[in-house]
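Residues per chain, in single letters:
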Amino acid sequence: MRRMAVISAGFVPVPAVDGGAGEVLTTEIIEGNEVSGDYFMDIYTIESPKLDKIKYNNAEIIQIHIHPIRWFWCKARNAFLKLLKRNYRYIPYNQALIHKYFRDNYDVILIENNMQVFEDIYNHAKNGTNHMIYHMHNDIDGTTKPEYLCRFIADKAEVILPVSEYLKEHFMQVAPNDKMKVFYNCVDLEKFNKENVSNTEELKRKYNINESDFVYMYTGRVCPEKGILELVKAFKKLSREKSNCKLMVVGSRWYNQIAKDEYFEKLLKEAEGLEEKIIFTGYIFPEDMPSIYTVADVLVIPSMWEEPFGVVALEGMAMRVPIITTNSGGLIEILDAETSIMVDKNTEVEEQLYSAMIKMREDDDIRENLAQKAYTKLTETFAFDRKNYYDEFEKRIAKCK
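What comes next concerns the included structure. (Residues numbered from 1 in each chain as written. Predicted model: local features only at pLDDT ≥ 70, side-chain atom pairs only at ≥ 80, totals over all residues. Heavy atoms only, no water.)

It is worth spelling out the overall build of the protein at this point. Assigned secondary structure in the protein consists of 14 helices and 12 strands. Taking 21 Å as the expected radius of gyration for a compact globule of 401 residues, we find that the protein reaches 22 Å, a close match to that expectation. C-alpha atoms of the protein, sized along the principal axes, occupy 65 × 50 × 45 Å. Taken over 401 residues, the protein has a buried fraction of 57%. Contacts in the protein between residues at least 24 apart in sequence constitute 68% of all its contacts with a sequence separation of at least 6. Measuring between centres, the 52 positive side-chain charges of the protein sit 5 Å from its 63 negative side-chain charges. (Helix = DSSP H or I, 4+ residues; strand = E, 2+ residues; numbered from the N terminus. Rg over C-alpha atoms; globule rule 2.2 N^0.38 Å. Buried < 20%, exposed > 50% of the residue type's maximum accessible area, 1.4 Å probe, protein only. Contact = heavy atoms within 4.5 Å. Lys, Arg positive; Asp, Glu negative; His and termini not counted. Charge placed at Lys NZ, Arg CZ, Asp CG, Glu CD.)

With 17 residues, helix H13 (residues 364-380) ought to run about 24 Å at 1.5 Å a step, and its terminal C-alpha atoms sit 24 Å apart, in line with that. Elements in contact with the buried residues of H13: strand S7 (214-219), strand S10 (298-301), helix H11 (311-318), strand S12 (341-343) and helix H12 (349-362). Of the residues that open H13, the one with a side-chain oxygen 3.0 Å from the backbone nitrogen of aspartate 365 is aspartate 363. (Expected span 1.5 Å × (residues − 1). Polar contact = N/O pair within 3.5 Å; in protein donor to acceptor, adjacent residues only side chain to side chain.)

The next point concerns unusual backbone geometry. Across the junction of valine 14 and proline 15, the peptide omega takes the value 0°, indicating a cis bond. In this fold, proline 15 is placed in the loop between strand S1 (2-7) and helix H1 (21-36). We note that asparagine 208 has phi near 60°; this positive angle belongs to a residue other than glycine. For asparagine 208, the location among the structural elements is in the loop between helix H7 (200-206) and S7. Residues other than glycine seldom take positive phi values, yet glutamate 348 does so here, at roughly 45°. Relative to the assigned elements, glutamate 348 resides in the loop between S12 and H12. By relative accessible area, glutamate 348 is classed as exposed at 61%.

Of all hydrophobic cores here, the largest spans 76 residues; its most connected members are Ile7, Tyr44, Phe102, Ile121 and Phe171. Beyond its immediate chain neighbours, meaning those up to four positions away, tyrosine 44 contacts Ala5, Val6, Ile7, Ser8, Ile62, Ile64, Tyr93, Leu97, Tyr101, Phe102, Arg103 and Tyr106. Ranked by size, the runner-up nonpolar core spans 34 residues in total, among them Leu267, Ile278, Ile341 and Val349. (Core = buried A, V, L, I, M, F, W, Y, C linked by side-chain atoms within 4.5 Å.)

Right, let's get into the environment of threonine 281. Along the chain, threonine 281 falls in strand S9 (residues 278-282). Looking at threonine 281, the relative accessible area reads 17%, which means it is buried. It is 32 Å that separates the C-alpha atoms of threonine 281 and threonine 381, two residues lying 100 residues apart in sequence. Not counting chain neighbours up to four residues away, the residues in contact with threonine 281 comprise Tyr207, Met248, Val249, Val250 and Gly251.

Time to look at the sheet that holds S12. Across the sheet, 6 strands lie side by side as S9-S8-S7-S10-S11-S12; this open sheet has parallel pairing. Among the strands making up the open sheet, the edge pair consists of S9 and S12. Between one strand axis and the next, the sheet turns through 20° on average, direction left out of account. Across 6 bridges, the pairing between S7 and strand S8 (residues 245-250) is parallel. (Pairing = 2+ DSSP bridges. Axes fitted to C-alpha atoms, helices over the stretch in contact; angles between N-to-C directions.)

Attention now goes to the pairing of strand S6 (residues 159-162). Judged by which residues are buried, S6 turns out to be covered on both faces: Val159 and Leu161 on one side and Ile160 and Pro162 on the other are all buried. Summarising the sheet, strand S5 (residues 132-136) and S6 pair through 4 bridges and their orientation is parallel. Residue pairing for S6: tyrosine 134 is matched across the bridge by isoleucine 160. In this view, the connection linking S5 to its parallel neighbour S6 by way of helix H5 (residues 147-156) has right-handed handedness. (Right-handed = clockwise from strand over helix to strand, strands pointing away.)

The interhelical angle for the contact between helix H8 (residues 228-241) and H12, taken along N-to-C directions, is 50°, at an axis separation of 8 Å. The orientation of H8 with respect to H12, classified from their angle, is oblique. Remark: the crossing between H8 and H12 carries right-handed chirality. Judged by residue contacts, Glu230, Leu231, Lys233, Ala234, Phe235, Lys237, Leu238 and Glu241 of H8 engage Val349, Glu350, Glu351, Leu353, Tyr354, Met357 and Ile358 from H12. (Parallel < 35°, antiparallel > 145°, perpendicular 65-115°, else oblique. Left-handed = near helix turned anticlockwise from the far one by under 90°.)

Here we come to the side chain of glutamate 315. Along the polypeptide, glutamate 315 turns up in helix H11. Here glutamate 315 sits buried without a salt bridge, and the closest side chain of opposite charge, lysine 191, lies 6.8 Å off (N-O distance). Excluding its chain neighbours within four sequence positions, the residues that come into contact with glutamate 315 are Val187, Phe192 and Tyr293. (Salt bridge = Lys/Arg side-chain N within 4 Å of Asp/Glu carboxyl O.)

In this section: a nonpolar patch on the surface. A surface patch of nonpolar side chains, about 350 Å² in accessible area, is lined by Phe80, Leu83 and Leu84. Judged by its relative accessible area of 71%, leucine 83 falls in the exposed class. (Patch = residues over 30% accessible without salt bridge, like charges linked within 9 Å, V, L, I, M, F, W, Y side chains within 5 Å. Areas by Shrake-Rupley, 256 points an atom, 1.4 Å probe, with all protein chains shown as cover.)

The next thing to look at is the environment of methionine 217. Examined against the element boundaries, methionine 217 turns out to sit in strand S7. Separated by 32 residues in the primary sequence, methionine 217 and valine 249 have C-alpha atoms spaced 6.1 Å apart. Filtering out sequence-adjacent residues up to four positions away, methionine 217 remains in contact with Leu247, Met248, Val250, Ile292, Tyr293, Val295, Ala296, Val298, Leu299 and Val300.

The subject of this paragraph is the sheet that holds S5. Spatial strand order, S3-S2-S1-S4-S5-S6: 6 strands in an open sheet with parallel pairing. Edge strands, defined here as strands with exactly one partner in the open sheet, are strand S3 (59-64) and S6. Taking each pair of neighbouring strands and ignoring which way they run, the sheet shows an average axis angle of 15°. Summarising the sheet, S1 and strand S4 (residues 108-112) pair through 4 bridges and their orientation is parallel. Its bridge partner being in S4, valine 6 is matched across the sheet by leucine 110.

What follows is the structure, given as structure tokens:
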């Protein structure tokens, strides 16, 4: 059996015991391979006690422990390199991986969304570097995904898998190549099925939501680029004019961490006086998300950056929740004017969100029509269905065999 290294990004564990959109998708690849038996996979991941009891037939989980001395050493080296204006970054996860854990006996190496680890593995490994795959979930930036590493990957990878046409086009502007194959994210249509949810009323009681309340919902990370502050401001205006409406902000600043940061505090300040109407749920584990969506009358995706893809959109479509979104990055490959109310993120966003939210509240037919058209588009798009995800992966990496 051919051997594959699956190298996670190193932020949260794989399999996805603590959530994470990219980590969930990596887990789908691993579980698809469990069925197909194409490879024996070594899964390299940040450590977690939750992983200890997970066993696979065609894979081994290799948990990477990072000693405090390595953290200090990397921080010191990075400070020195910064003084020298050098590009390279010492990342504790990467350094522990290549110097202590990496087995270097692979036919194929899959790197998940960590450009620096791609370079580190390529320079360290003696086997498998002619069949390296880079799975790109996030956009290019100046720090974690800089342009010089895009050019390195374009030169060294055999296949590059961006999760949207938007990411592909942006990458190609920086590093033109003929190796990119768009590999869309997916959703589990059996899991995200409102017919299988039975605890909606219990959740409404938990969050103090009345039957007469109209509920707007945001789900995802709580950070500036996601546009939650703009959404809260739009909701404040709406709540002054319309009674019986609530806003649920589902998520935390970083996966299942509960600490608040300056941006979260700003949101709480903006929401003062509306504590009974604006509900911050904190982190919700992935297995509980289908139930959460059934509380919503409208899902709002107010992204202010160029969204790399937008798994939340697929989840909302699957749960038949009408969607308001911005014209952001990969989102426009999932949603359009027929399947959502789409607002321009570059022009008076708060006012546009407010108008869209009013429109959704006041017109049952619009909500029903948008939800149905979005669900139809989702179910008719082969690549968006979890059942096809591993097969789509295999098609794109066929040249690595």
